[in-house]
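# Examining the three-dimensional arrangement
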2 protein chains.
Amino acid sequence: MSTRERLIESTRTLLWERGYVATSPKNIQHLAEAGQGSMYHHFSGKEELARVAIDRTAEEMRASVDAVLSGPGSALERISAYLRREREVLKGCPIGRLTQDPDVMATPMLVAPVEETFTWLRSRLAAIVAEGVVAGELSAAIDPVITSAAIVATLQGGYVLARADDDPAAFQQAIEGILALLGALSVR
Amino acid sequence: MSTRERLIESTRTLLWERGYVATSPKNIQHLAEAGQGSMYHHFSGKEELARVAIDRTAEEMRASVDAVLSGPGSALERISAYLRREREVLKGCPIGRLTQDPDVMATPMLVAPVEETFTWLRSRLAAIVAEGVVAGELSAAIDPVITSAAIVATLQGGYVLARADDDPAAFQQAIEGILALLGALSVR
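So, here's what we can say about the structure.

What counts and what doesn't
- Residues numbered from 1 in each chain as written.
- Chains lettered and ligands numbered in written order.
- Predicted model: local features only at pLDDT ≥ 70, side-chain atom pairs only at ≥ 80, totals over all residues.
- Heavy atoms only, no water.
- Axes fitted to C-alpha atoms, helices over the stretch in contact; angles between N-to-C directions.
- Helix = DSSP H or I, 4+ residues; strand = E, 2+ residues; numbered from the N terminus.
- Parallel < 35°, antiparallel > 145°, perpendicular 65-115°, else oblique.
- Left-handed = near helix turned anticlockwise from the far one by under 90°.
- Contact = heavy atoms within 4.5 Å.
- Nonpolar A, V, L, I, M, F, W, Y, C, P; charged D, E, K, R; others polar.
- Least-squares fit on C-alpha atoms with pLDDT ≥ 70 in both.
- Buried area = accessible area lost by both parts, 1.4 Å probe.
- Salt bridge = Lys/Arg side-chain N within 4 Å of Asp/Glu carboxyl O.
- Polar contact = N/O pair within 3.5 Å; in protein donor to acceptor, adjacent residues only side chain to side chain.

## Some words on the packing of helix 7 (residues 108-134) of chain B against helix 8 (residues 144-165) of chain B
All names here are of chain B.
- Axis separation between helix 7 and helix 8 bottoms out at 8 Å; the angle between their running directions is 125°. Relative to helix 8, the element helix 7 is oriented oblique. Crossing geometry of helix 7 relative to helix 8 is assigned as right-handed. Facing Phe118, Leu121, Arg122, Leu125, Ala126, Val129 and Ala130 of helix 7, the residues of helix 8 in contact are Pro144, Val145, Ser148, Ala149, Ile151, Val152 and Gln156.
- Along the lines of polarity and charge, the residues of the contact of helix 7 with helix 8 split into 11 nonpolar, two polar and one charged.

## Some words on the relation of the copies chain B and chain A
- In screw terms, the move from chain B to chain A is a rotation of 180° and a rise of 0.0 Å along the axis, fitting with an RMSD of 0.0 Å. Each copy turns onto its partner about a two-fold axis.
- In this assembly, 100% of the residues forming the interface of chain B have copies in chain A that are likewise at the interface, indicating an isologous arrangement.

## Focus on the interface of chain B and chain A
- If you look at the interface, chain B gives 46 residues, while chain A gives 46 residues.
- In total, chain B and chain A occlude about 3,800 Å² of area from one another, counting both sides; carbon and sulfur atoms represent 67% of this.
- Remark: the boundary between chain B and chain A carries four salt bridges.
- Counting across the interface, chain B meets chain A through 11 residue pairs in polar contact (both at pLDDT 80 or more).
- Only helix 6 (102-105), helix 7, helix 8 and helix 9 (169-184) of chain B provide two or more residues apiece to the side of chain B that touches chain A.
- Among the elements that line the side of chain B that touches chain A, the one with the most residues is helix 8 of chain B, at 16 residues.
- A per-class count over the side of chain B that touches chain A returns 26 nonpolar, 11 polar and nine charged.

This is the structure we're talking about:
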C-alpha cells in the first residue's frame, strides 16, 4: 500500500474507533507508519485527510447498501435484508457516529458527506416503501417519507442501545421491533 | 452557586456540547471559574466529576420522562407525549451521546449510569406498551420488548438524522414515522 493509501486507511480506522476530535495528526502518522512531512506532502492536514476518508467510507456504504436494496424480493424482504445484514454493531455506524463529534459538526466540509449519505439512504428506503404500498404489499396507511426516517433512525439508535448495553442484542431487538410493526402492517 | 456545584454544572454542559474525550480538566476549570487546586479538592479528577455529572443528568431525565409516562391518557397517548415533548434536538441526547465517546466506553464507571438509564427507559416503555395491549388499545401483534427497543432507538437515531441534516425536522419525521406505525396498529 502506498503511503497515501496507508494515511487514508489509518484515518478511516481512527475515525471509526476514536472519532475525529480524539484523533490527532500524530495518531494518524503513527498508525500509518508515515512521517509528518509525508502526511503534509499528500494532504493539507487532518481535515482534508478526514474528508477523503469519510468520502471513501460513505461510497463503500452506499454501494453495499444499494446492492442489498436492489436485490431480489418484496419491499419488506429487501428492507429486512438490509436491516438484518451482518454488522460490527458494537463499533457503531462509521458515518452516523460522526454526527456526535463536535469538531465534525463544526466543519462544514466534513458534515457534507454525512448529510448526503443520510439523504440518499432515506430517499432510497422511501422509494422502496412506496413501491411496497403501490404493489399492495404494505398497508396504504404507511407514509413512505416518515416511515423511512423511522427505519433509518431505528438503525442508528440501535447502535446507541447496543453500545450502552455492550451487547448487540439491543440492536437486534430494535431492528426486529420495527420490522414487526411493518410486518403487522403488510397486506398478505 | 458553590464551587463544587459550578464544577458539576460546567462538566454537564461540556459533556453535552463537546463530549468526554474532548473535555479537559482545564476546560472544566475555565468554565467553572475554579482553580486546579479547587477542582482536585472536591473531586479525584475528571473521571469522578464526570460520573457525578452524568448521574445528575440521568436522574433529571428519568424524573422528567417518568412524569410524562405516568401522566394521564392511553398507552399510545403517553408514548406520543413522551416522543413529542420539547427537546433541544440539535444538541442530541445528553445520555445517548455518551455511547459514541470512546473514553466513556472505555471507563466502566461512566458506562454504568448510561446503561442503567436505557435499561430503565426500555422497561418503562415496555410496561406501557404491554398495558396498551392488555387494555385492547394496541394490537396483540405488538411485542412490548422489541417494540420498546424500536421506540427508544427511533428517538436516539432521530437525533443522529437531525444533526446530520442540521435540521430538527428529520428527528420529527422519525418520531412521527414510528408513531404512525403504532397508530395504524391501534385498535380503535
